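Coordinate inspection notes
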Amino acid sequence: MLQVKETGWSRFYRRAFRDHWHPMTAVLVLGVLSALYFGLLQTVWAVTGEFTRWGGHILQLLGYDTAKMSYFKIIKLKGLPWDRVDGWVVFGMFGGALIAALLAGNFKLRVPVQRRRLVQGLLGGIIAGFGTRLAMGCNLAAMFTGIPQFTLHAWLFTLATIAGTYFGLKVSLMPFFLGKPVILPGRRVVAAETVKSRQPVIGWFLAAVALGWAVLAWQAGNGKLALAGLFGLAFGAVIERGQICFTSAFRDLWLVGRATVTKAIVAGMAVQSLGTLYFIMQGVPAKVMWAGAGAVIGGLLFGFGIVIAGGCETGWMYRAMEGQVNFWIVGLGNIIGATVLAVAWDKGLYALLVAPYPKVDLIKILGPWGALAATFVFLGLIYTWARWREKRHKYALELRLPVEVNTTAVSDNQ
């Protein structure tokens, strides 16, 4: 059979837009982009705060006076999603993930065969949404972009999230959550390939529309919003190409000792910390939150919830844009859980779990370079632990493997 030789351009196109990226490459790119996002827009890359604001809009439609609710004052519920930087970055992330999925031919509407997955996704999403807003951030603002902000609450949240994923894994392995395997009949491959071949055309069209929209917004005097949208497109595309999900990073580490994504996330935070420190020293204010029970309990709930749901904030977003319907439900659960937290904030949660604790800025305590050194030590310990888990599981697996017998040598000796 005649094979067409791959050219340099076609090889680049395949690697950039069709093949999945190595997690380390994707996360390092995200780290650099996140630092630039912080420096140029003077805010951190985050998503669940905006999802909570969407919940606030729903409450307003239901007749609630959100202006009197403290939590919505903290997260600045003003205007509508398209009036806010966070709104544009979230829209951009959805768009970027969808475009990346289409360019690779990865989009396909998929409904889970076991309908319990939908209930599981909703429940996990609610728990994770509640936890993330109790801790004032998710795997982004309280971990990936939180640790490079040199805020102690991100350290507490990260450790609690890792512990939460362990407990979530134990529950998710129970018979009820595992369910029974279902064998489906084969599908028409030819028809599927025909649909798949059209997807890149749609993807490039949507990319052109998104860029055109950003240009129009810029010309209309909304340069900051346009820039946020462009960053969102990049974030979403890179997450989809690298299949970056913090749930799989920690769940797989507990389950099978796979540390690839965990090590990549640590490296991405280390690189991001350097860029973030530069901008902080230039006068861009860091985002520092309460380091106390709220961060710990929120992290535990978040880690538990994302494993039950099957995806963290970045994970469910890109999977939803690949057409996996159950992750649309996870997203809905996130908004519900975050909104419930916002309502409960003034009903004792803030006074009990948040108010008694300080906002600890490591730069103010240790100085810029001391804070950077402490952050690297913390990240180094997580990296070392991940490597230890990886080697421990590999060693345990080798012990369980059957010993190969050299049958030729046995027969010769006979």
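I will try to describe carefully the structure that is included in this document. (Residues numbered from 1 in each chain as written. Predicted model: local features only at pLDDT ≥ 70, side-chain atom pairs only at ≥ 80, totals over all residues. Heavy atoms only, no water.)

Section: a nonpolar patch on the surface
- Where nonpolar side chains cluster on the molecular surface, the patch consists of Tyr166, Phe167, Val296, Ile297 and Leu300 and spans about 390 Å² of accessible area.
- Sorting the residues of the nonpolar patch by element identifies helix 8 (152-172) and helix 14 (293-309) as the ones contributing at least two each.
- Counting residues per element, the nonpolar patch draws most heavily on helix 14, which supplies three residues.
- Following the sequence through the fold, Phe167 ends up in helix 8. (Patch = residues over 30% accessible without salt bridge, like charges linked within 9 Å, V, L, I, M, F, W, Y side chains within 5 Å. Areas by Shrake-Rupley, 256 points an atom, 1.4 Å probe, with all protein chains shown as cover. Salt bridge = Lys/Arg side-chain N within 4 Å of Asp/Glu carboxyl O. Helix = DSSP H or I, 4+ residues; strand = E, 2+ residues; numbered from the N terminus.)

So, the environment of Trp316
- Within the secondary structure, Trp316 is located in helix 15 (residues 313-321).
- A relative accessible area of 5% places Trp316 in the buried class.
- In sequence terms Trp316 and Val330 are 14 residues apart; their C-alpha atoms lie 6.9 Å from each other.
- Excluding residues that lie within four positions of it along the chain, Trp316 makes contacts with Phe51, Phe94, Gly311, Phe327, Val330, Gly331 and Asn334. (Buried < 20%, exposed > 50% of the residue type's maximum accessible area, 1.4 Å probe, protein only. Contact = heavy atoms within 4.5 Å.)

As for the nonpolar core
- Counting 82 residues, the largest nonpolar core has Trp45, Phe51, Phe144 and Phe235 as its most contacted members.
- Setting aside its immediate chain neighbours within four residues, Trp45 contacts Leu30, Ser34, Tyr37, Val89, Met93, Leu140, Ala141, Phe144, Thr145, Phe235 and Ile239.
- Counting residues in each nonpolar core, the second largest holds 18 residues, with Tyr71, Ile75, Trp290 and Ala293 among its members. (Core = buried A, V, L, I, M, F, W, Y, C linked by side-chain atoms within 4.5 Å.)

Observations concerning the environment of Ile265
- Mapped onto the fold, Ile265 is located in helix 13 (residues 260-281).
- Residue classification places Ile265 among the buried residues on the basis of a relative accessible area of 2%.
- Residues Ile265 and Phe246, 19 residues apart in the sequence, show an inter-C-alpha distance of 8.3 Å.
- In this view, Ile265 contacts Val27, Phe144, Phe246 and Ala249; residues no more than four positions away in its chain are not counted.

What about the state of the cysteines?
- Summed over the entire model, instances satisfying the criterion amount to zero disulfides.
- The thiol sulfur of Cys138 is not disulfide-bonded, and the nearest other cysteine sulfur, from Cys312, lies at 7.8 Å.
- Cys245 supplies the cysteine sulfur nearest to Cys312, a cysteine that is in no disulfide, at a spacing of 3.7 Å.
- On the accessibility criterion, Cys312 (0% relative accessible area) is buried. (Disulfide = S-S within 2.5 Å.)

Brief notes about the side chain of Thr276
- Note on placement: Thr276 falls in helix 13.
- With residues near it in sequence (within four places) discarded, Thr276 still touches Ala35, Phe38, Pro148 and Gln149.

Points about the packing of aromatic side chains
- This structure, assessed with the given rule, holds 25 aromatic pairs.
- Centre to centre, the rings of Trp9 and Phe12 are 5.6 Å apart; their planes meet at 35 degrees, and the pair counts as tilted. Placement of the pair is Trp9 and Phe12 together in helix 1 (residues 8-18), with a separation of three residues, close to one helical turn.
- Ring centres of Trp254 and Trp385 lie 5.2 Å apart, and the angle between their planes is 65 degrees; this geometry places the pair in the edge-to-face category. Of the two residues, Trp254 sits in helix 12 (residues 246-256) while Trp385 sits in helix 18 (residues 362-400), which places them 131 residues apart along the sequence.
- On the basis of relative accessible area, Trp385 is assigned to the partly exposed category, the value being 23%. (Phe/Tyr/Trp six-rings, centres within 6.5 Å; stacked < 30°, edge-to-face > 60°.)

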